[in-house]
Amino acid sequence: MASFSLALGTATKNRDDKIIEAFFPTPILNPSAELVSAIAAVVDYKEGNQAIEITPAQSADLTAAFDAAGEEKSAQFASRAAQSSQPLVVVILATDEAPTSVAEGFLKLQLISNRLVQPHGLVLDGIFGLLHNIAWTNQGAIDLPELADRQIEARLNGETLTVDCVDKFPKMVDYVVPAGIRIADTSRVRLGAHVGEGTTVMHEGFINFNAGTTGVSMVEGRISAGVVVGNGSDIGGGASIMGTLSGGGTVVVSIGENCLLGANAGLGFPMGDRCTIESGLYVTAGSKVRMLDNNGQEVEMVKARDLAGVSDLLFRRNSVTGQIECLANKSAVELNSELHSNN
């Protein structure tokens with residue numbers, strides 16, 4: 001049996017016995033056919049993409065299968081899960097198709113946040129409609145129709161139920177904390193974000209799902225859904241990168257390596273390596289850009305989208321005319337190594 005991913009996890013159900021979220025601490029990418037066959041024999045998996053609810057006894061049986069495949073962490077979790085009273089679920093993804101269940105969607109988001117897959121490396125079509133708003137609280141995920149009763153119940157028990165947010169996507173760190181990162185405000189990094197090793201996300205920084213950084217980066221602005229930022233790049237305070245969910249269309253906006261998006265600047269087209277956009281300047285794909293030669297003379301007028309992927313460019317606004325100008329960028333961005341020591 002072939003599969004590109006499988007995982008054992010815990011699930012949270014609502015009062016209608018429907019799974020509203022799932023946690024997979026040890027997802028496996030490209031498991032061996034022998035492991036998939038062994039798991040299938042225990043959970044009665046046949047074919048295709050499935051999320052299968054299992055019993056603690058079945059979880060205990062999975063321990064040997066994981067052990068035989070050399071998946072030590074999964075074996076340890078399966079052994080511990082066998083003693084748990086929480087709902088358990090196995091997800092097997094035979095093909096990379098649009099998720100059809102909440103558990104499948106949560107596994108795909110966690111594959112990205114575990115750095116097993118890069119943003120845009122999985123089909124996530126329809127996930128925004130598949131998931132629904134949940135109250136993410138200090139007592140776990142709570143379906144919104146049940147929240148008022150749970151709040152009353154907590155108060156009557158002398159407790160306080162704290163609601164961190166109401167959203168389709170929880171914060172990433174409640175599911176995985178990748179090695180070598182620093183996040184000043186964890187609520188601003190959604191599950192499904194890819195946070196590269198060495199990345200620092202400051203208090204006003206934000207990373208959406210299916211987006212993020214590939215390596216060492218400073219993030220003080222917003223990385224919208226679908227946006228990928230290359231190694232060594234700096235997203236300045238208040239800066240914004242246009243995503244694909246609202247206003248960005250179908251073009252994948254990205255930033256190359258060693259780039260600088262200045263404070264309160266914006267980007268709406270794919271940018272190459274070693275590029276800079278000065279503070280306060282928002283360059284959309286349709287922005288008219290005056291190209292300058294080394295002597296500051298105009299060469300031609302182009303739209304920013306015509307410069308997609310071109311490296312070594314500096315974008316600035318002429319303080320007299322207001323015209324956006326572009327010239328060769330003579331200095332690459334170099335991040336402060338001490339700020340990115342996240343050990």
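Looking at an unreviewed UniProt entry, the protein carries the name 2,3,4,5-tetrahydropyridine-2,6-dicarboxylate N-succinyltransferase, with the source organism given as Photobacterium sanctipauli. The UniProt entry for the protein carries this comment under Sequence similarities (unreviewed entry): "Belongs to the type 2 tetrahydrodipicolinate N-succinyltransferase family."

Engineer: Please clarify how the packing of aromatic side chains should be interpreted in this entry.
Structural biologist: In this description, an aromatic ring pair is defined by two values, namely the gap between the centres and the angle between the planes. As enumerated under the stated definition, the model contains six aromatic pairs in all. Seen from their ring centres, Phe169 and Phe209 are 4.3 Å apart, and the 15 degrees between their planes marks the pair as stacked. Of this pair, Phe169 sits in the loop between strand 8 (163-167) and strand 9 (182-183) while Phe209 sits in the loop between strand 12 (206-207) and strand 13 (211-213), placing them 40 residues apart in sequence. You can call Phe169 buried: its relative accessible area is 1%. Members of the aromatic cluster, each reached through a chain of ring pairs, are Phe23, Phe106, Trp136 and Tyr175. Here Lys168 stacks its cationic end above the ring of Phe128, 5.2 Å away from the centre of that ring.

Engineer: How do you make sense of the pattern of salt bridges when you look at a structure like this?
Structural biologist: Working definition: two side chains of opposite charge can pair if their charged atoms are close together. Taken as a whole, this structure holds eleven salt bridges when the rule is applied. Between Lys13 and Asp17 there is a salt bridge, with its nearest N and O atoms 3.2 Å apart. Its relative accessible area of 24% is what places Lys13 among the partly exposed residues. Since its relative accessible area comes to 51%, Asp17 is described here as exposed. We note a salt bridge from Glu325 to Arg290, for which the minimum N-O separation is 2.8 Å. One end of the pair, Glu325, is in strand 27 (residues 324-328); the other, Arg290, is in strand 24 (residues 288-292), with 35 residues separating them in the sequence. The network of salt bridges with common partners includes Arg290, Glu298, Arg316 and Glu325.

Engineer: Teacher, can you tell me more about helix 1 (residues 33-43) here?
Structural biologist: In an α-helix, one turn spans 3.6 residues, which is why side chains three or four residues apart end up on the same side. Every buried residue of helix 1 is accounted for by Leu35, Val36, Ile39, Ala40 and Val43. Here the buried residues of helix 1 occupy an arc of 135 degrees about the axis, which is enough to place them on one side. Opposite the buried face of helix 1, by more than 90 degrees, sit the exposed residues Glu34 and Ala41. In the core, the buried residues of helix 1 are packed alongside strand 1 (5-13), strand 3 (28-29), strand 4 (50-54), helix 2 (56-68) and strand 5 (88-93).

Engineer: It is not clear to me how the domain arrangement of the protein should be interpreted in this structure. Could you clarify?
Structural biologist: Interface size is commonly expressed as the accessible area that is lost once the parts come together. Its domain assignment divides the protein into domain 1 (5-130), domain 2 (136-167) and domain 3 (172-340). Using only C-alpha atoms to locate each centre, domain 1 and domain 2 end up separated by 27 Å. At the interface, six residues of domain 1 touch six residues of domain 2. Carbon and sulfur atoms supply 55% of the area that domain 1 and domain 2 bury against each other, a total of about 510 Å² over both sides. When the buried surface of domain 1 facing domain 2 is broken down by residue, Asn14, Arg15 and Ile20 rank first, second and third, together holding 73% of it. Inspection of the domain 1/domain 2 interface yields two salt bridges. Scanning the region where domain 1 abuts domain 2 turns up three residue pairs in polar contact (both at pLDDT 80 or more).

Conventions we followed
Residues numbered from 1 in each chain as written. Predicted model: local features only at pLDDT ≥ 70, side-chain atom pairs only at ≥ 80, totals over all residues. Heavy atoms only, no water. UniProt positions renumbered as here; feature names shortened; annotations may be inferred. Phe/Tyr/Trp six-rings, centres within 6.5 Å; stacked < 30°, edge-to-face > 60°. Helix = DSSP H or I, 4+ residues; strand = E, 2+ residues; numbered from the N terminus. Buried < 20%, exposed > 50% of the residue type's maximum accessible area, 1.4 Å probe, protein only. Lys NZ or Arg CZ within 6 Å of the ring centre and 35° of its normal. Salt bridge = Lys/Arg side-chain N within 4 Å of Asp/Glu carboxyl O. Arc of directions from axis to C-beta. Contact = heavy atoms within 4.5 Å. Domains from an automatic or database assignment. Buried area = accessible area lost by both parts, 1.4 Å probe. Polar contact = N/O pair within 3.5 Å; in protein donor to acceptor, adjacent residues only side chain to side chain.

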